[in-house]
Amino acid sequence: MAIASNRRILLASLIGTSVEFYDFYIYATAAALVFGPQFFPARDPAVQLLASYASFGLAFFARPLGAALFGHFGDRLGRKSTLVASLMLMGGSTVAIAFLPTYDSIGWVASALLCALRFGQGLGLGGEWGGASLLAVENAPRGREYRWGMYPPLGAPVGFVAANGLFLLLGTMLSDAQFQAWGWRLPFLASAALVVLGLWVRLKLTETPTFSDAAAHDALARVPIADLFRRHARATIAGTAGVVACFALFYLTTAFALSYGTTTLGHGRQVMLGLEIAAVLFLAAGVIVSSMLADTRGATTVLRWGFFGCVVSGVTMGPMLGAASLGVVFAWLALSLFAMGFTYGPLGGWLPSLFDPAVRYTGVSITFNLGGIVGGALAPIAAQALALRGGLSLVGTYLIAAGILSLGGIMLLAGPRVRAR
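Note that this is a predicted model, so its numbers are computed, not measured.

A. How the structure looks around the overall build of the protein. Along the protein, the regular secondary structure elements total 20 helices and zero strands. Compactness check: the protein gives a C-alpha radius of gyration of 20 Å against a globular reference of 22 Å for 421 residues, within 12% of the reference. The buried share of the protein, reckoned over its 421 residues, is 59%. In the protein, the proportion of contacts linking residues at least 24 apart, taken out of those at least 6 apart, comes to 86%. Split by element, the accessible area of the protein, about 15,200 Å² in all, is 69% carbon and sulfur. Counting 26 positive and 16 negative side-chain charges, the protein places the averaged centre of each group 5 Å from the other.

B. View of a nonpolar patch on the surface. On the surface, a nonpolar cluster with roughly 460 Å² of combined accessible area is contributed by Tyr103, Ile106, Trp108, Val109 and Leu113. Among the elements of the structure, helix H5 (103-106) and helix H6 (108-125) are those that each provide at least two residues to the nonpolar patch. Sort the elements by how many residues they give to the nonpolar patch and H6 lands first, with three residues.

C. Representation of helix H17 (residues 326-344). The first and last C-alpha atoms of H17 sit 26 Å apart over 19 residues, in line with the 27 Å expected at 1.5 Å per residue. All buried positions along H17 are accounted for by Val329, Trp332, Leu333, Ala334, Ser336, Leu337, Ala339, Met340, Gly341, Phe342, Thr343 and Tyr344. Regarding H17, its N-cap is Ser325, as a side-chain oxygen of that residue lies 3.2 Å from the backbone nitrogen of Gly327 further along.

D. Main features of the pattern of salt bridges. Scanning all chains against the criterion turns up eight salt bridges. Between Arg79 and Glu138 there is a salt bridge whose closest N-O contact spans 2.9 Å. Of this pair, Arg79 sits in helix H4 (residues 79-97) while Glu138 sits in the loop between helix H7 (128-137) and helix H8 (145-149), and the two are 59 residues apart along the sequence. With a relative accessible area of 0%, Arg79 lands in the buried category.

E. Quick look at the environment of Ser5. Along the chain, Ser5 turns up in helix H1 (residues 2-33). Separated by 199 residues in sequence, Ser5 and Lys204 place their C-alpha atoms 9.7 Å apart.

F. Region of interest: the environment of His267. Residue position: His267 is located in the loop between helix H14 (233-263) and helix H15 (269-297). For His267, a relative accessible area of 14% puts it in the buried group. Counting along the chain gives 57 residues from His267 to Ala324, while the straight-line C-alpha distance between them is 9.3 Å. The residues touching His267, leaving out its near neighbours within four places in the chain, are Gly261, Thr262, Met272, Ala323, Ala324, Leu326 and Val329.

G. Molecular detail of the nonpolar core. With 122 residues, the main nonpolar core has Phe35, Tyr344 and Trp350 as its most contacted residues. If we skip the residues at most four places from it in the chain, Tyr344 touches Phe21, Trp129, Pro152, Pro153, Ala156, Cys246, Val287 and Phe368.

H. Representation of the confidence of the model for the protein within the structure. The predicted model of the protein averages 87 in pLDDT, with 96% of residues at 70 or higher. Looking at the elements of the protein, mean pLDDT is at its lowest for H1, recorded as 80, and at its highest for H17, recorded as 95. Ignoring residues within four places in sequence, the model shows residues 415-421, a span with pLDDT below 50, making 28 contacts including any to other chains.

I. How the structure looks around the side chain of Arg79. Within polar-contact distance, the side chain of Arg79 engages the side chain of Glu138 at 2.9 Å. From its side chain, Arg79 meets the backbone oxygen of Pro357 in a polar contact 3.4 Å long. Residues in contact with Arg79, not counting those within four places in the same chain, are Gly74, Leu134, Glu138, Glu207, Thr208, Phe211, Pro357, Arg360 and Tyr361.

Cut-offs applied
- Residues numbered from 1 in each chain as written.
- Predicted model: local features only at pLDDT ≥ 70, side-chain atom pairs only at ≥ 80, totals over all residues.
- Heavy atoms only, no water.
- Helix = DSSP H or I, 4+ residues; strand = E, 2+ residues; numbered from the N terminus.
- Rg over C-alpha atoms; globule rule 2.2 N^0.38 Å.
- Buried < 20%, exposed > 50% of the residue type's maximum accessible area, 1.4 Å probe, protein only.
- Contact = heavy atoms within 4.5 Å.
- Areas by Shrake-Rupley, 256 points an atom, 1.4 Å probe, with all protein chains shown as cover.
- Lys, Arg positive; Asp, Glu negative; His and termini not counted.
- Charge placed at Lys NZ, Arg CZ, Asp CG, Glu CD.
- Patch = residues over 30% accessible without salt bridge, like charges linked within 9 Å, V, L, I, M, F, W, Y side chains within 5 Å.
- Salt bridge = Lys/Arg side-chain N within 4 Å of Asp/Glu carboxyl O.
- Expected span 1.5 Å × (residues − 1).
- Polar contact = N/O pair within 3.5 Å; in protein donor to acceptor, adjacent residues only side chain to side chain.
- Core = buried A, V, L, I, M, F, W, Y, C linked by side-chain atoms within 4.5 Å.
- pLDDT = per-residue confidence, 0-100.

Here is the structure:
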């Protein structure tokens, strides 16, 4: 019975973040491939793409608001019910995008509706990752916190393969005209099935022992976000900075690389999607290896390796991603995503270790999503602008800066230990 319960907990922590990343990836892919002409008409295709990326980044600014909102209820009412609510908002917003009319049909209202749903998507996402991490870590056996904590990060490669695999499949079945006209809507519609599965798993869960114990001893914070900034300011700053490299690596090796490879470099869309799907397997490997090492070597050491890898990725971006050889392009994608696994895998256990149970949902959600603004929301926009001005080598400086910033974040702390209970 305990084994079945453990499997349900780990599946619940995995499925929610898989839906989260699936939703984000299909939007990122659609933003790179179709949303410009569909929702943001302009004479200059570069301006269209920038507007599309801006709508993509909008969710990152909604995520801290969602983190504060869902974090409050997660720390006051419990992890389970809050995770159910965040999944419903996140998934509902994604499915609704499938039914949006385009700019040609209703003008600027289409652009506004897309941005509103993207904001709703980000609001729900703000409470998802942090709650899923706590669901895993607060139920983990002693000494296995990081191995259990890797399940939410593993939602990234699962969601990515599902999202881009579906786009790749559609590319083989539909003509470009069909894909532009209606085919891009199908991945958003398919999100409904994943949301239903996630709800079915989560509604069967019980509350985590950590929250139940805190509630029983009247140790819950009245206003978690106020307690967070009053008593955990240093940890909040460190955690936020520590997340930046992870987001920067991911969105530059996926959304930006896909767009740059298909438009500027002239590679086929199907080819680039295939390379991305194969390379993301290295992300999964990095998450698994780094999480296992974090339980034995310590999360801080493993994160340092990942941040160094982010710097190396930035240095090699120009000559490798810009190479004519697809083999060299794939090598850069694979190495960068493997390095991202080392910046990402330990976060599932490391961020909860920074905060007391009374403010942990809020703390993990706030730091993860604030770091996402710097590393993720700005990354494709800044990269596109830098590429137009100075090419890929200049874009690589963004990754170098992200790695250094994250390294500075963990240096603020003296090796935090896991204290999930």
